[in-house]
Amino acid sequence: MTGCARWLVAACVLLGVHAGAAAEVLATVASPNRAISVAVQLGDGGRITYTVQRNGKPLIAASRLGFLLANAPQMDNGFTLASQAMSEHDDTWEQPWGERRYVRNHYQELRLELVQKALDNRRMALVFRVFDDGVGFRYEFPEQQQLPETRISDELTEFVVAPPAYAWWQQAGEQAALEYAIKKSPLSEVGMANTPLTIRTKDGTHIAFHEAALVDYASMWLRKVEGQKLRAHLTPSAFGPAVQRRGAFTTPWRTMQIADNAAGLYMSDLVLNLNEPNKLGDVSWVHPSKFIGVWWEMHLEHSTWGSGAKHGATTANTKRYIDFAARNGFRGVLVEGWNLGWDGNWSGSGSAFSFTQAYPDFDLAGLSAYAQQQGVRLIGHHETGGNIARYEEQMDAGYQLYAKLGVDSIKSGYVADAGAALFPGADGAVHFGYTDSQEGARHYLKAVTEAARYKLAIDTHEPIKDTGLRRTYPNWVSREGARGMEYNAWGAPINSVDHEVNLVFTRMLSGPMDYTPGILSLEGVKGRPINSTQAKQLASFVLIYSPIVMAADLIENYEKYPGPFKFIKDVPTDWADTRVLHGELGEYATIARKDRRSDDWYIGSVTDGNARTLSLPLTFLDPGKRYVAEIYRDGDHADYRTIRRFDIVIEKKTVTSKSVLQLKLAPGGGQAIRLSPVAG
Ligand code: NOJ
Ligand code: CA
């Protein structure tokens, strides 16, 4: 407690719970509601650690901070404190689109200036922001002659979880980056994990470890070192140091969203709050909306991306989709396989892709005009096969062409094994690397900022993980970054029955996902059933948020099931508000969202392989109003394991804010509800 006299009286109260054996507490900072507190300690040899307490109990034990550098002595010891400052921030900002319209950004900030005296007074700052829903911290490197260029071999940031915990996680650095099933294991059995990595401690506290504002830096993987100690591992670069920066820079924020339950994690806006405000100004040219696509038919092997007799992207076939979109109120039609380069081995190569030349049987300009006459837009497609070098050569021409033709959203793709994307070198030669390396972070953001110049929205597949940059660049509307519906087409293996409920409290904490829901036919290649009921497909539109959403099934399947299809036509993709009403990791989730453009609410509820009945008080509804509830529920005998997966009951009820619905979910099932106020 040696430092106590130097600090504020309030801070001293917190010191007692944070002080380690030999370490001196440099400073503490608590969340606005004082439930979460962070202390920073200076230990033996001038090493810096931090701890996190929640409600007076240790959550993160002493965890090391710092860096290994390739061009200078390490930055993790010999520190002294030069100065510190505390401040508070509280404002509310508006999202151009999102899960909710207004976001409160309220935190206490602690800033510590640290000096390594033995290294010619080399400096570094540490900034902590403590919110009621968690903690973010980052490092700041000032401009200094002692370190004009910083080459980071690795970051030494640790997260030592104090209470025993289970983790929901996905491996990092492996072949199918970000597209593995989410595993549950004791935290001590995690290997190299991607983020968000979500844990539940023995007392029920939930934490999601992630990062915010990943700009010009390598993605952070988390490696289990020993026990429950996780350490940052920066995605390797092709050149040695994972990160190379000149002059002043800041690292991404290292984040811990903290809540009493899984629902609380999803309600947190911490990652968005740690990103910079919108840099694009007016983004009314970004259109949250639904689309259909010449897409599932290729994944089902009914047609091909490449040319030939089975070519999917023909003028005639695309017109069929445009007509269907116009008849049913979809704004967009995605067409994959429209451009030269799909013949032969494109995946992980991309060497033949053209982003301007269409196959001869696809009339790009004519179809774009035909679509617009009917109030529909083509959604562009840029698959790169991971060949970023080739894409960057043509990106501008590709964007220009689409912009000229009135195509205002582009889905991009980077299909390649982890570490095998092709990047342009300074000397014109190409080299291999990870898409989540510093070079990858630069490329994906460049693709988005260049697209903004043409007023194009980007939906990235095989992306770098989402770290909330949609706040700064709201034309980055969505991305994949998890196992999507496509795995249900291919098999080997299909998505597990608990996949959606795992996604909500892991991947979805990072931002929107282009999950491509709505497979009412409930089957993949050769009629292989998927792990879902029809009602669960509908619920996924509400549950798995994305401002642009593809209703993925074939036209004929939507025509076959007009009842459930009505929900797909009705459901919006942009929300004024979002509430998580039930949530248990890997088991079930219910989310209610209020439409941005009407007074309607929509509810999506999903379970794992277990049937369950969830009680749902409708207290979030306007107390003065009566609502019609259009309910799409599993039939009484519905079961994802049998042909009864198709059993769905569609019924109407009048409800008020005092009503309590009983959601009866079948094994592998779900429920979708539209609530519309009754006029008068
Ligand atoms: C993978 C994407 O996730 C999928 O949606 C797309 O159809 C293929 N790549 C081809 O680009
Ligand atoms: Ca994919």
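Residues numbered from 1 in each chain as written. Chains lettered and ligands numbered in written order. Predicted model: local features only at pLDDT ≥ 70, side-chain atom pairs only at ≥ 80, totals over all residues. Heavy atoms only, no water.

- The protein chain goes by Glycoside hydrolase family 97 protein in an unreviewed UniProt entry, where it is assigned to Duganella rivi.

### Some points on the domain arrangement of the protein chain
(1) Moving on: According to the domain assignment, the protein chain consists of domain 1 (3-273) and domain 2 (276-481).
(2) Moving on: Distance between the C-alpha centres of domain 1 and domain 2: 35 Å.
(3) Moving on: At the interface, 37 residues of domain 1 touch 31 residues of domain 2.
(4) Moving on: Its largest share of buried area at the contact with domain 2, domain 1 owes to Trp 97, Leu 178 and Leu 272, together 25% of the area lost on that side. (Domains from an automatic or database assignment. Contact = heavy atoms within 4.5 Å. Buried area = accessible area lost by both parts, 1.4 Å probe.)

### Looking at the layout of surface pockets
(1) Moving on: Considering only enclosed or pocket space, the largest pocket measures out at about 510 Å³ in volume.
(2) Moving on: Going through the elements one at a time, strand S24 (377-383), strand S25 (409-413) and helix H9 (486-490) are the ones with two or more residues in the lining of the largest pocket.
(3) Moving on: Each residue belonging to the lining of the largest pocket can be placed in one class, and the counts come to 13 nonpolar, eight polar and seven charged.
(4) Moving on: Both of domain 1 (3-273) and domain 2 (276-481) provide at least three residues apiece to the lining of the largest pocket. (1 Å grid on protein atoms, 1.4 Å probe; cavity = no way out; pocket = protein on both sides within 12 Å on 5 of 7 lines; lining within 4 Å. Points joined across faces, edges and corners; volume = space filled by probe spheres on them. Helix = DSSP H or I, 4+ residues; strand = E, 2+ residues; numbered from the N terminus. Nonpolar A, V, L, I, M, F, W, Y, C, P; charged D, E, K, R; others polar.)

### Considerations on the coordination of the calcium ion (ligand 2)
(1) Moving on: Note on the calcium ion (ligand 2): its protein donors are Glu 179 (OE), Glu 462 (OE), Glu 480 (OE), Glu 480 (OE) and Glu 486 (OE). The metal-donor distances range over 2.3 to 2.6 Å.
(2) Moving on: Of note is the calcium ion (ligand 2), whose six donor atoms meet at the metal with angles of 52 to 156 degrees in an arrangement that counts as irregular.
(3) Moving on: Classification of Glu 480 as buried rests on a relative accessible area of 2%.
(4) Moving on: Overall, the relative accessible area of 7% leaves Glu 486 in the buried class. (Donors = N, O, S within 2.8 Å, 3.2 Å for Na, K, Ca; no water. Tetrahedral: all angles 85-135°; square planar, octahedral: opposite > 155°, others 65-115°. Buried < 20%, exposed > 50% of the residue type's maximum accessible area, 1.4 Å probe, protein only.)

### Let's talk about the sheet that holds strand S14 (residues 192-193)
(1) Moving on: Read from one edge of the open sheet, eight strands run S1-S2-S3-S4-S11-S18-S17-S14, paired in antiparallel fashion. Edge positions in the open sheet fall to strand S1 (24-30) and S14, since each of these has one partner strand only.
(2) Moving on: Both strand S4 (residues 57-64) and strand S11 (residues 158-161) contribute to a ladder of two bridges, which runs antiparallel. In the strand pairing of S11, Ile 60 is matched with Val 161. (Pairing = 2+ DSSP bridges.)

### Here's the deal with the nonpolar core
(1) Moving on: Counting 170 residues, the largest nonpolar core has Phe 128, Phe 209, Met 256 and Tyr 399 as its most contacted members.
(2) Moving on: Both of domain 1 (3-273) and domain 2 (276-481) provide at least three residues apiece to this core.
(3) Moving on: Ignoring sequence-local partners within four residues, the contact set of Tyr 399 consists of His 382, Tyr 391, Ile 410, Ala 447, Glu 450, Ala 451, Tyr 454, Leu 456 and Ile 458.
(4) Moving on: Residues Leu 614, Tyr 627, Ile 631 and Leu 663 belong to the second largest nonpolar core, which totals 18 residues. (Core = buried A, V, L, I, M, F, W, Y, C linked by side-chain atoms within 4.5 Å.)

### Remarks on the pairing of strand S38 (residues 670-677)
(1) Moving on: Burial analysis of S38 places seven of its eight residues in the buried class, which makes it a mostly covered element.
(2) Moving on: As judged from the six bridges shared by strand S33 (residues 601-607) and S38, these two strands associate in the antiparallel manner. Bridge pairing in S38 links Ser 605 to Gln 671.
(3) Moving on: Pairing of strand S35 (residues 627-634) with S38, which is carried by seven bridges, proceeds in the antiparallel orientation. The residue bridging Tyr 632 from the neighbouring strand is Ala 672, located in S38.

### Topic: the UniProt feature "domain: Glycosyl-hydrolase 97 C-terminal oligomerisation" (unreviewed entry) in the protein chain
(1) Moving on: The UniProt feature table records "domain: Glycosyl-hydrolase 97 C-terminal oligomerisation" (unreviewed entry) at residues 574-675.
(2) Moving on: From the first C-alpha to the last, residues 574-675 spans 16 Å; its make-up is 0% helix and 58% strand. (UniProt positions renumbered as here; feature names shortened; annotations may be inferred.)

### Some remarks on the environment of Gly 524
(1) Moving on: Along the polypeptide, Gly 524 turns up in the loop between helix H10 (499-504) and helix H11 (534-543).
(2) Moving on: For Gly 524, the residues in contact, after removing those within four places along its chain, are Trp 296, Leu 300, Asn 488, Ala 489 and Ile 530.

### Examining the pattern of salt bridges
(1) Moving on: The final tally for this structure, using the stated rule, is 49 salt bridges.
(2) Moving on: Arg 596 is the partner of Asp 574 in a salt bridge, and the nearest nitrogen-oxygen pair spans 3.7 Å. Highlighted residues: Asp 574 in the loop between helix H13 (562-570) and strand S31 (575-584) and Arg 596 in the loop between strand S32 (588-595) and S33, separated in sequence by 22 residues.
(3) Moving on: According to the relative accessible area criterion, Asp 574 is buried, its value standing at 1%.
(4) Moving on: Connected through salt bridges with shared partners, the residues Lys 566, Asp 570, Asp 600, Glu 630 and Arg 674 form a single ionic network. (Salt bridge = Lys/Arg side-chain N within 4 Å of Asp/Glu carboxyl O.)

### Quick word on the packing of aromatic side chains
(1) Moving on: In this structure the tally under the stated criterion is 32 aromatic pairs.
(2) Moving on: Residues Tyr 50 and Phe 128 carry aromatic rings whose centres are separated by 5.9 Å and whose planes lie at 50 degrees to one another, so their mutual orientation is tilted. Residue Tyr 50 is located in strand S3 (residues 48-54), and its partner Phe 128 is located in strand S8 (residues 122-131); the two are separated by 78 residues in the primary sequence. In terms of burial, Tyr 50 and Phe 128 fall into one category: buried. (Phe/Tyr/Trp six-rings, centres within 6.5 Å; stacked < 30°, edge-to-face > 60°.)

### Some words on the environment of Asn 275
(1) Moving on: For Asn 275, the position within the fold is in the loop between helix H3 (270-273) and strand S22 (289-294).
(2) Moving on: For the pair formed by Asn 275 and Thr 467, sequence separation is 192 residues and the distance between their alpha carbons is 8.3 Å.
(3) Moving on: Discounting chain neighbours no more than four positions away, the residues touching Asn 275 are Ala 212, Ala 213, Thr 467, Gly 468, Leu 469, Arg 471 and Thr 472.

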